[in-house]
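Now for the letters of each chain:
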Amino acid sequence: MGVFSLTYMASMFCSNESIKWVTYPTQVLGKSCKILPVMLFNVLLAKRSYSVREYAQIGLITAGILVFNLGKTSSKGGSNSMMGIILLVCSLIGDGMTGSFQRIFMDEFRPSTHLLMAGMNIWSCVILLGPILISGQAAEGLTYCLAHPNIVSAILQFSLCSALGQNFVFYTITGPGPLACATITTTRKFFTILLSVLLHPDNSLAVVQWLAVGLVFSGLGGEIHQKWTKHQLAASASYDKLADDDRDGGAADWNLGDIESEHSDSTSSHASDVEDTK
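Residues numbered from 1 in each chain as written. Predicted model: local features only at pLDDT ≥ 70, side-chain atom pairs only at ≥ 80, totals over all residues. Heavy atoms only, no water.

Draft legend 1. Just the packing of helix α1 (residues 2–18) against helix α5 (residues 82–109), in detail. It is at 8 Å that the axes of α1 and α5 come closest, and there the two elements cross at 155°. Overall, the two elements α1 and α5 adopt an arrangement that is roughly antiparallel. In the crossing of α1 with α5, the sense of the turn from one axis to the other is left-handed. Of α5, the residues touching α1 (which contributes V3, F4, T7, Y8, S11, C14, S15, E17 and S18) are G84, L87, L88, C90, S91, G94, D95, M97, T98, F101, Q102 and F105. Looking at the contact of α1 with α5, its residues break down into 10 nonpolar, nine polar and two charged. (Axes fitted to C-alpha atoms, helices over the stretch in contact; angles between N-to-C directions. Helix = DSSP H or I, 4+ residues; strand = E, 2+ residues; numbered from the N terminus. Parallel < 35°, antiparallel > 145°, perpendicular 65-115°, else oblique. Left-handed = near helix turned anticlockwise from the far one by under 90°. Contact = heavy atoms within 4.5 Å. Nonpolar A, V, L, I, M, F, W, Y, C, P; charged D, E, K, R; others polar.)

In structure tokens form, the structure reads like this:
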């Protein structure tokens, strides 16, 4: 558990640090590709396999989010450096490794949702303890909180909301899996913007963004349909198995009844023969 906690923290550090070297739109576009490294490392590390249809669906979702973000961002406000791009790539690699290591861990140990959540948070605190003490940020943070005690309640509220939100994240990780979680976390901002457009007519989307919406919904729709089909096939197979078991059980009862009947007839016949002899 400590391994994927480390990759998770490394990914977060690289992502936050990259904003110093690249523009915010570039970071958003880079993180929009999060699903791809998760899928790639699931194949390389977790030995998962995906169909061509699944690759196509993930490709549609990723392409749609990229086009959507490109349609609403501009290059004003700074430039991108190679250092920032490297940090962004390292962040994506960390995302992919975290999802794969989580999948391997869950397949082997089958932890509960809250056990996984508590374990990752405890390991993350242990991993961060050294850096914040060495850098002096722990002392700075404590001094600031003592000087501004009103901020403590805001931190507690933020922590509570974060913990509640993490419940849903970890329920998704231990349920559908890390890839589904990556898909949800990647598309959430997309749906937030889309919902704001639908609720507030003053907001609008460019034509290319509406095309991106179509791409995303095509990918998500295909994924939902595929999961629904698998569920239906599994339910049908389970029903057929139960029906076969019922038929086999009925045949076994019928054969047992024949044996008992034959045994009873044989016993009666033998008793009659004894009586005749007497």
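Draft legend 2. Structural detail: the packing of aromatic side chains. A complete count under the given rule lists four aromatic pairs for this structure. Ring geometry for F105 versus F109: centroids 4.9 Å apart, planes at 40°, classification tilted. Of the two residues, F105 and F109 are both situated in helix α5; the distance of four residues between them amounts to about one turn of the helix. A relative accessible area of 15% means that F105 is categorised as buried. Ring geometry for F191 and F217: centres 5.6 Å apart, planes at 80°, overall edge-to-face. Separated by 26 residues along the polypeptide, F191 in helix α9 (residues 178–199) and F217 in helix α10 (residues 207–277) bring together distant segments of the chain. Feature note: the residues F4, F105 and F109 constitute an aromatic cluster, connected by ring pairs. (Phe/Tyr/Trp six-rings, centres within 6.5 Å; stacked < 30°, edge-to-face > 60°. Buried < 20%, exposed > 50% of the residue type's maximum accessible area, 1.4 Å probe, protein only.)

Draft legend 3. Representation of the nonpolar core. The biggest cluster of nonpolar side chains holds 18 residues, and the ones touching the most others in it are F68, L179, F190, L205 and V213. Listed by contribution, the elements that provide at least two residues to this core are α3 (35–44), α4 (52–72), α9 and α10. Ranked by residue count, the leading element in this core is α9, at five residues. If sequence neighbours within four positions are ignored, V213 has contacts with F68, F190, L194 and L205. In this structure, F4, F105, M120 and I173 belong to the second largest nonpolar core, which totals nine residues. (Core = buried A, V, L, I, M, F, W, Y, C linked by side-chain atoms within 4.5 Å.)

Draft legend 4. Representation of helix α6 (residues 113–135) in the model. Over its 23 residues, α6 extends 33 Å from the first C-alpha to the last, a length consistent with the 33 Å expected when each residue adds 1.5 Å. If you look at α6, its biggest bend is around 30°, right at L128, and the proline P131 turns up within four residues after that. Here α6 has its buried residues at T113, L116, M117, G119, M120 and S124. The inward-facing, buried residues of α6 abut α1, α5 and α8 (150–174). (Expected span 1.5 Å × (residues − 1). Bend = angle between axes of the 7 residues up to and from the residue.)

Draft legend 5. Expanded view of the side chain of T23. Its place among the elements puts T23 in the loop between α1 and α2 (24–31). In this structure T23 comes out as buried when scored by relative accessible area, which is 11%. Side-chain polar atoms of T23 contact the side chain of T26, separated by 2.8 Å. (Polar contact = N/O pair within 3.5 Å; in protein donor to acceptor, adjacent residues only side chain to side chain.)

Draft legend 6. Quick look at the confidence of the model for the chain. For the chain, mean pLDDT is 81; residues scoring 70 or higher make up 85% of the total. Within the chain, the element-level pLDDT minimum falls on α10, averaging 66, and the maximum on helix α7 (residues 137–147), averaging 93. Here residues 266–278 scores under 50 on pLDDT; set against residues more than four positions off or in separate chains, the count is zero contacts. (pLDDT = per-residue confidence, 0-100.)

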